[in-house]
Amino acid sequence: MDMIGFIGMGNMGTAMLKGAKRTFDGSRIIFHRKSVDKMKKLAEEEKVNYAMSNSEVVEKSKYIILAIKPQMFEKVIDEINDSLDNDKVIISLAPGFTITQLKEKLKAGRIVRSMPNTPAMIGEGMTGVCFDENEFDEKEIDVINKIFEATGKAKKVDEKLMNSVVCASGSSPAYVFMFIEALADSAVKCGLPRKDAYEFVAQTVLGSAKLMLETGKHPGELKDMVCSPAGTTIKAVRVLEKEGLRSAVIEAMDACVDAAKGM
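Treat the numbers as computed from the prediction; the structure is a model and nothing was measured. (Residues numbered from 1 in each chain as written. Predicted model: local features only at pLDDT ≥ 70, side-chain atom pairs only at ≥ 80, totals over all residues. Heavy atoms only, no water.)

Asks: What am I meant to see in the overall build of the protein here?
Replies: Along its length, the protein carries twelve helices and eight strands. Overall size of the protein, expressed as C-alpha extent along the three principal axes, is 65 × 40 × 30 Å. When each of the 263 residues of the protein is scored for burial, the buried share is 41%. Here the analysis covers contacts within the protein between residues at least 6 apart in sequence; of these, 61% occur between residues at least 24 apart. Counting every atom, the protein has about 14,900 Å² of accessible surface; 56% of that belongs to carbon and sulfur. (Helix = DSSP H or I, 4+ residues; strand = E, 2+ residues; numbered from the N terminus. Buried < 20%, exposed > 50% of the residue type's maximum accessible area, 1.4 Å probe, protein only. Contact = heavy atoms within 4.5 Å. Areas by Shrake-Rupley, 256 points an atom, 1.4 Å probe, with all protein chains shown as cover.)

What follows is the structure in structure tokens.
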């Protein structure tokens, strides 16, 4: 039985562990975190195994999810490198590190690079994944796919597009939340209680996204469906265009990609 190990138990690592638990038996999952009390509590809640060090996670696992921030990479690599070998599969969640760079740093020849996002915490994530399928057998590819599909949707992309994935889904939940907050503020300004405003707005964002995905219609077409001639919506759309909504989003995405490239 090949174990699945988690190193780095922040929001994303914890979300992926809980997602993996939906697909894999808890006896197959092991993790480590600094706080022993929190580690034991999570292990008890999720009925999974814990290890007393990152190196122990690596020693006992075939698939190792590195859910650590880029600035922690060097420290963690020093801890785990002597426990790695070419049979291990490293799954990196950190932006900025290419597969080639990871192979140079790690004593493991097979690397999966990925970019999940925070909706993975509720099983509605979107993850970009890249790896060389020629380096893995069918069983390994199946396990890799199941790890990511357990937290939502996953799509394999060419590695040169991974910074674009950071832009499209990795960082963008923050901008969606800003949009939700702004819409709710405007509803409160118009008299709606704040709790109700958040519910109306969040459900509308959720429903709008599902409508586009399930109908396959272009977002512009769906926007036009809401914009009645001389109606309220088209007047609001005109103001958004005048104030540069599209341009602001594109400029923000450019900054996001530039930052990802600089990591």
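Asks: Hey, could you run me through a nonpolar patch on the surface in this one?
Replies: Residues Val36, Tyr50 and Met52 make up a contiguous nonpolar surface patch of roughly 260 Å² in combined accessible area. Here Val36 is to be found in helix α2 (residues 36-46). Classification of Val36 by relative accessible area gives partly exposed; the value is 32%. (Patch = residues over 30% accessible without salt bridge, like charges linked within 9 Å, V, L, I, M, F, W, Y side chains within 5 Å. Salt bridge = Lys/Arg side-chain N within 4 Å of Asp/Glu carboxyl O.)

Asks: Looking at this model, I keep getting lost on helix α9 (residues 194-215). Mind explaining?
Replies: Taking 1.5 Å of rise per residue, the 22 residues of α9 would be expected to cover 32 Å, and the 31 Å separating its terminal C-alpha atoms lies within 8% of that figure. Note on α9: the residue one or two positions beyond its end, Gly216, has a positive phi of about 75 degrees. (Expected span 1.5 Å × (residues − 1).)

Asks: Help me out: how do you make sense of the pattern of salt bridges in this one?
Replies: Side chains that carry opposite charge are capable of pairing whenever their charged atoms lie near each other. In the structure shown here, the tally under the stated rule is 17 salt bridges. In this structure, Asp87 engages Lys62 in a salt bridge whose closest nitrogen and oxygen atoms are separated by 4.0 Å. Of the two residues, Asp87 is situated in the loop between α4 (73-80) and β5 (89-92) and Lys62 in the loop between α3 (54-60) and β4 (63-66); the sequence distance between them amounts to 25 residues. Asp87 sits in the partly exposed class, given a relative accessible area of 45%. Note that Lys103 is salt-bridged to Glu135, the shortest N-O span being 2.7 Å. Separated by 32 residues along the polypeptide, Lys103 in helix α5 (residues 99-105) and Glu135 in the loop between β7 (125-130) and α6 (138-149) bring together distant segments of the chain. One salt-bridge network, in which partners are shared between bridges, spans Lys62, Asp87, Arg110 and Glu140.

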